[in-house]
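# Residue-level structure breakdown
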Amino acid sequence: MTEQGTTEQSTTRQAMTEQEASHRHVEQMREQAHRLEDDAAHAADDAERSSLEKRARQLESDSDQESMMAAGDIYPAQ
């Protein structure tokens, strides 16, 4: 194999690894958001419930944005 072929394979593997890591991170953020939503549903205190719901919504929003960025649908603000 040529040096260029080896470099291309390495670059492709690195891109897949970064994509997989991004996907795992998005999934972790979504799982955390669901846990927060569950906690909010069982919270006795209104202020705590509101805070948990707000944090869950923010995580969902962040995970959606990161997912779209990874897919190339949007680009981060400069």
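Refer to the structure presented above.
Notes on the structure in this doc start here. (Residues numbered from 1 in each chain as written. Predicted model: local features only at pLDDT ≥ 70, side-chain atom pairs only at ≥ 80, totals over all residues. Heavy atoms only, no water.)

With that settled, consider the side chain of Ser 22. Positionally, Ser 22 belongs in helix α1 (residues 3–42). Taking relative accessible area as the criterion, Ser 22 reaches 16% and is therefore assigned buried. (Helix = DSSP H or I, 4+ residues; strand = E, 2+ residues; numbered from the N terminus. Buried < 20%, exposed > 50% of the residue type's maximum accessible area, 1.4 Å probe, protein only.)

Within the largest apolar cluster, 5 residues are counted, these being Leu 36, Ala 40, Ala 43, Leu 52 and Ala 56. For this core, the elements supplying multiple residues, two or more each, are α1 and α2 (46–71). Residues contacting Ala 43, with those up to four places away along its chain left out, are Glu 48, Arg 49 and Leu 52. (Core = buried A, V, L, I, M, F, W, Y, C linked by side-chain atoms within 4.5 Å. Contact = heavy atoms within 4.5 Å.)

End to end, α2 covers 37 Å across 26 residues, agreeing with the expected 38 Å (1.5 Å per residue, within 8%). Considered for burial, the residues of α2 that qualify are Leu 52, Ala 56 and Ser 63. Between the side-chain oxygen of the N-cap and the backbone nitrogen of Ala 47 there are 3.4 Å, and the N-cap of α2 in question is Asp 45. Once α2 ends, the next one or two residues include Gly 72, with phi positive near 85°. (Expected span 1.5 Å × (residues − 1). Polar contact = N/O pair within 3.5 Å; in protein donor to acceptor, adjacent residues only side chain to side chain.)

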